[in-house]
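Here is how the chains run, residue by residue.
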Amino acid sequence: MGAGRELFGVRKDGSRLPIEVGLDVLRSGSDVMVLASIFDASERHAARQRADEASALAQSIIDSAAFPIIATDIDGRVLEFSPSAERVLRLRKADLLGQRLPIVVREQAGSAVPLIELDDSAEPGPARGRRGAMPFGNGEMREYVWRCADGTRVPIHLAVSGLRNRSGTLFGYIAILYDLSERKRYEEHMRIIAEQDALTGLPNRLVLHERLAAAIGAVEREGGQVGVLLIDLDNFKRVNDSLGHYMGDKLLGLVAARLRSCIRVNDMVARMGGDEFVVVLAGIRRPIIAQLVARKIVRELCRPLELDGHTVEISPSIGICLYPTDAVTVDDLIKNADTAMYAAKEAGRGRFMPFSHEMADAASERWRIEHAMRLAMGRNEFCVAYQPQVDLRSARVTGVEALLRWPGVDGATTSPAHFIPVAEQTGLIAPIGEWVLRTACREISQLDADGVPGLRLSINLSPRQLRESNMIEIVSDTLADNNFDPERLELEITESAFVDDDVAHAIMQLHELGVRVAIDDFGTGYSSLSQVTRFPLDRLKIDRVFVQDVAAGMRHAAVTAAIIAMGRHMGIDVVAEGIETEAQARALREQGCQEGQGFLYSQAVPIGELAEAIHRIESRG
Ligand code: C2E
Ligand code: MG
Ligand code: MG
């Protein structure tokens, strides 16, 4: 037996050759012989060199890999611990080599799993692993949280696979980690962006739904009620339009802060979008508490706000809905609070209103009408009727008031008093109103050509039309399209509309177009006379309620007499509406009222019957 030793031989041509020399001692009696055998060792030499290179490569991969790499033997004793693993797990390779890996990772789901099985003495962490088995070894990536000795938690992705030799025997494990900290931070950032309203920092609609559902769950377990307050700012649009969006945004921020100051820590305030906020009062014992909070919010938001030197006044309208009395699902709670908020707005702004089922009925009726109106628009089912306006002295017809008509399938006509308010609330009034204007102008122009020339045309405009649509453009286009003299067009606007600054502005512009402006239903609105007298008005229309009583005695007659006298002094014409009897007509004439309209003369009639109605009135004298 001889141990091979690697040496180099030199060939004849001078090249070096790795050789192995074996020496064997042979004995024969007293003779000793040494047998030297020389082998060519080139193959083995090359193989050893390759192995050295491979191991150097493996080491450099481990050292420079961006991912932390850990290798252990089959008992979990550390063989390799890459520099990036040191950095991420905050451990030192020098302390670990040959040690069992003191690593415990905790699965997100809550159960603790050792990275590579540990024995009972393993520290830190709550896991008590069993020796031997690998918890997972298929190289599958899973998410864990690594707890550093100082308590810092590092989220990681981890894959462990077995290390096997050529013959397939398991001799260790290799773990590859991926540090998720950055990604988690980014995800958290995105979550906050998604859940938070960027402008006010309040939770958004998404979170509102979650939290409201949680509040309902809590009340189900513990009793009590949940209060939902839907808050809408009454005049936000005006602030936004007049001071600009930047100030509008600032205002919303201030409102958010005031709302927060009105509620307790357990309650929440979220922004629904626009100028709408929702407050959730979790687990209140008595319904009255929701109203107390609502009252406080009204008081707080009505206090003037300072915006970069401007003092701004706003007010909220608040609808209150309670779980479980008023609704039991998140969607219904918000919907009913919204219904109550609308009722609060209609009742005059700056107030709160608890939800009631009558409100819901009214809201669904409104929805039904709106839906039917949209269909009717599409099918061109609306038409315009014209009520003549008569000169009370000469009995000549001077003009007509265009009144919208919606004939139903059964021949009955739905009153505009019923559906116009709905159209105003839903914004449908803009397209319908434009249609009325264009249709009436066209039909009355046609009547000019058909032999009834020069009638003045009165059109009713709702405040919302003046506030929201490009009414000025529409009016001037319509006049131009029909070659209609602006002086012949009169726009009837109700008195209360003059209070709104935007509407007032639109009225001024209309006046500049040369059209006439009349105050409809004069005497029934909320405006003060001084407000009305600021405007360039052409006519006052005395409301029907005063006309009804004009012949009933001195006291009643005094109201119409006063309006007529006022008109005379201001140089404004007066027209009385709703004249039903000769006595009323006579009394008004005696008071100096120039014109009137009403059933005494004619109902509103379709365009085809207008010439005949006019003829009938004028021939009666
Ligand atoms: P309004 O502008 O004050 O119109 C007068 C209403 O009194 C009309 O009711 C008319 O038919 C009715 N009326 C006329 N003479 C008499 C009478 O002698 N006795 C009685 N009891 N009533 C009389 P109508 O057509 O139902 O319209 C109701 C309201 O609907 C109108 O009040 C107006 O505010 C609104 N409206 C009608 N058409 C339109 C429209 O095209 N656009 C807008 N924005 N509002 C409209
Ligand atoms: Mg009118
Ligand atoms: Mg009227």
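Above this text you will find the structure in question.
First, a word on scope: everything that follows refers to the structure included in this document.

About the cut-offs
Residues numbered from 1 in each chain as written. Chains lettered and ligands numbered in written order. Predicted model: local features only at pLDDT ≥ 70, side-chain atom pairs only at ≥ 80, totals over all residues. Heavy atoms only, no water. Near = heavy atom within 4 Å. Polar contact = N/O pair within 3.5 Å; in protein donor to acceptor, adjacent residues only side chain to side chain. Areas by Shrake-Rupley, 256 points an atom, 1.4 Å probe, with all protein chains shown as cover. Helix = DSSP H or I, 4+ residues; strand = E, 2+ residues; numbered from the N terminus. Donors = N, O, S within 2.8 Å, 3.2 Å for Na, K, Ca; no water. Buried < 20%, exposed > 50% of the residue type's maximum accessible area, 1.4 Å probe, protein only. Contact = heavy atoms within 4.5 Å. Pairing = 2+ DSSP bridges. Axes fitted to C-alpha atoms, helices over the stretch in contact; angles between N-to-C directions. Parallel < 35°, antiparallel > 145°, perpendicular 65-115°, else oblique. Left-handed = near helix turned anticlockwise from the far one by under 90°. Phe/Tyr/Trp six-rings, centres within 6.5 Å; stacked < 30°, edge-to-face > 60°. Lys NZ or Arg CZ within 6 Å of the ring centre and 35° of its normal. Salt bridge = Lys/Arg side-chain N within 4 Å of Asp/Glu carboxyl O. Patch = residues over 30% accessible without salt bridge, like charges linked within 9 Å, V, L, I, M, F, W, Y side chains within 5 Å. Expected span 1.5 Å × (residues − 1). Arc of directions from axis to C-beta. Nonpolar A, V, L, I, M, F, W, Y, C, P; charged D, E, K, R; others polar.

1. Some thoughts on the site of ligand 1
- Ligand 1 sits among 24 residues. The nearest are Asn 460, Asp 520, Arg 544, Glu 580 and Phe 599.
- Residue Asp 520 places a side-chain N or O atom 2.8 Å away from an oxygen atom belonging to ligand 1.
- Side-chain polar atom of Asp 521 to an oxygen atom of ligand 1: 3.1 Å apart, as the coordinates give it.
- Contact with the protein chains removes 84% of the 800 Å² of surface that ligand 1 exposes when unbound.
- Looking at the shell around ligand 1, the elements with two or more residues in it are β19 (397-407), α11 (416-426), α12 (429-449), β21 (456-461) and β23 (516-522).
- Ranked by residue count, the leading element in the shell around ligand 1 is β19, at four residues.

2. Notes on the coordination of the magnesium ion (ligand 3)
- Bound to the magnesium ion (ligand 3) are the protein donor atoms Asp 520 (OD), Asp 521 (OD), Glu 577 (OE) and Glu 577 (OE), situated 2.0 to 2.6 Å from the metal.
- Here the donor residues of the magnesium ion (ligand 3) are spaced in sequence according to D-D-x55-E.
- Separating the magnesium ion (ligand 3) from the magnesium ion (ligand 2) is a gap of 4.0 Å, bridged by Asp 520, which donates to each. Here Asp 521 is found in strand β23, whereas its partner Glu 577 is found in strand β25 (residues 573-577), with 56 residues between them in sequence.
- With relative accessibility at 10%, the residue Glu 577 sits in the buried group.

3. Concerning the side chain of Asn 336
- Tracing the backbone through its elements, the reader meets Asn 336 in helix α9 (residues 330-346).
- A relative accessible area of 9% means that Asn 336 is categorised as buried.
- Not counting residues up to four positions away in its chain, the partners in contact with Asn 336 are Cys 321, Asp 326, Ala 327 and Phe 355.

4. Focus on the sheet that holds strand β17 (residues 352-354)
- Strand order in this open sheet of five strands is β12-β13-β11-β16-β17, and the pairing throughout is mixed. Lying at the two open borders of the sheet, with one neighbouring strand each, are β12 (268-273) and β17. Along the sheet, successive strands turn relative to each other by an average axial angle of 20 degrees, direction set aside.
- As defined by bridge partners, β12 adjoins strand β13 (residues 276-284) across five bridges and the pair is classed as antiparallel. Following the sheet pairing, Met 268 is matched in β13 by Val 280.

5. Notes on the coordination of the magnesium ion (ligand 2)
- Taken together, the protein ligands of the magnesium ion (ligand 2) are Glu 401 (OE), Asn 460 (OD1), Glu 492 (OE) and Asp 520 (OD), with distances of 2.0 to 2.3 Å.
- Of note, the donors binding the magnesium ion (ligand 2) are all from one chain and are spaced E-x58-N-x31-E-x27-D.

6. Topic: the packing of helix α14 (residues 471-482) against helix α15 (residues 501-513)
- α15 packs onto α14 with a crossing angle of 20 degrees between their chain directions and a minimal axis gap of 10 Å. The angle between the axes of α14 and α15 places the two elements in the roughly parallel class. The two elements α14 and α15 cross, and the hand of that crossing is right-handed. Of the residues in α15, those touching α14 at Ile 472, Val 475 and Ser 476 are Ala 506, Gln 509, Leu 510 and Leu 513.

7. Describing unusual backbone geometry
- For the bond from Tyr 323 to Pro 324, the omega torsion is 0 degrees, close enough to zero to count as cis.
- Looking at where Pro 324 falls in the secondary structure, it is placed in the loop between β16 (316-323) and α9.
- A positive phi angle is found at Asn 380, which is not glycine, with a value near 60 degrees.
- Mapped onto the elements, Asn 380 comes out in the loop between α10 (357-378) and β18 (383-391).
- Phi angles above zero are rare outside glycine, and Ala 395 is one such case at about 60 degrees.
- The topology assignment puts Ala 395 in the loop between β18 and β19.

8. Looking at the packing of aromatic side chains
- The tally for this structure, following the rule as stated, stands at four aromatic pairs.
- Arranged with centres 5.9 Å apart and planes meeting at 40 degrees, the rings of Phe 382 and Phe 419 form a pair that is tilted. A residue pair is termed long-range when its members are at least 10 positions apart, and Phe 382 in the loop between α10 and β18 and Phe 419 in helix α11 qualify at 37 residues. The exposure classification of Phe 382 matches that of Phe 419, with both residues buried.
- Residues Trp 406 and Phe 419 carry aromatic rings whose centres are separated by 5.2 Å and whose planes lie at 90 degrees to one another, so their mutual orientation is edge-to-face. Highlighted residues: Trp 406 in strand β19 and Phe 419 in helix α11, separated in sequence by 13 residues.
- Taking relative accessible area as the criterion, Trp 406 reaches 9% and is therefore assigned buried.
- Counting every residue linked through ring pairs, the aromatic cluster contains Phe 382, Trp 406 and Phe 419.
- Positioned over the ring face of Phe 484 is Arg 488, at 4.6 Å from the centre of the ring.

9. Focus: the pattern of salt bridges
- Using the criterion set out here, one finds 29 salt bridges in the structure.
- Between Glu 187 and Arg 183 there is a salt bridge; the shortest N-O distance is 3.5 Å. Placement of both Glu 187 and Arg 183 in helix α4 (residues 181-195) is noted, with a separation of four residues, approximately one turn of the helix.
- When its relative accessible area of 37% is taken as the criterion, Glu 187 is described as partly exposed.

10. Some points on a nonpolar patch on the surface
- A contiguous nonpolar patch, built from Leu 23, Val 25, Val 32 and Val 34 and spanning about 370 Å² of accessible area, is present on the exposed surface.
- Within the fold, Val 25 resides in strand β2 (residues 16-28).

11. Details of helix α20 (residues 607-620)
- Taking 1.5 Å of rise per residue, 14 residues should cover 20 Å, and α20 covers 21 Å from first to last C-alpha, within 8% of that figure.
- Taken residue by residue, α20 has Leu 610, Ala 613, Ile 614 and Ile 617 as its buried positions. Along the axis of α20, the buried positions cluster into a sector of 105 degrees, meaning they face one direction only. Projecting away from the buried face of α20 at angles above 90 degrees are the exposed residues Gly 608, Glu 612, His 615 and Ser 619.
- Packed against the buried residues of α20 are β18, β19, α12 and β27 (605-606).

12. Focus: the packing of helix α5 (residues 205-222) against α9
- For the pair α5 and α9, the least separation of the axes is 10 Å and the interaxial angle reads 105 degrees. The angle between the axes of α5 and α9 places the two elements in the roughly perpendicular class. Only Val 330, Asp 331, Leu 333 and Ile 334 of α9 make contact with α5, whose side of the interface consists of Leu 208, His 209, Leu 212, Ala 213 and Ile 216.
- The residue inventory of the contact of α5 with α9, partitioned by class, reads seven nonpolar, one polar and one charged.

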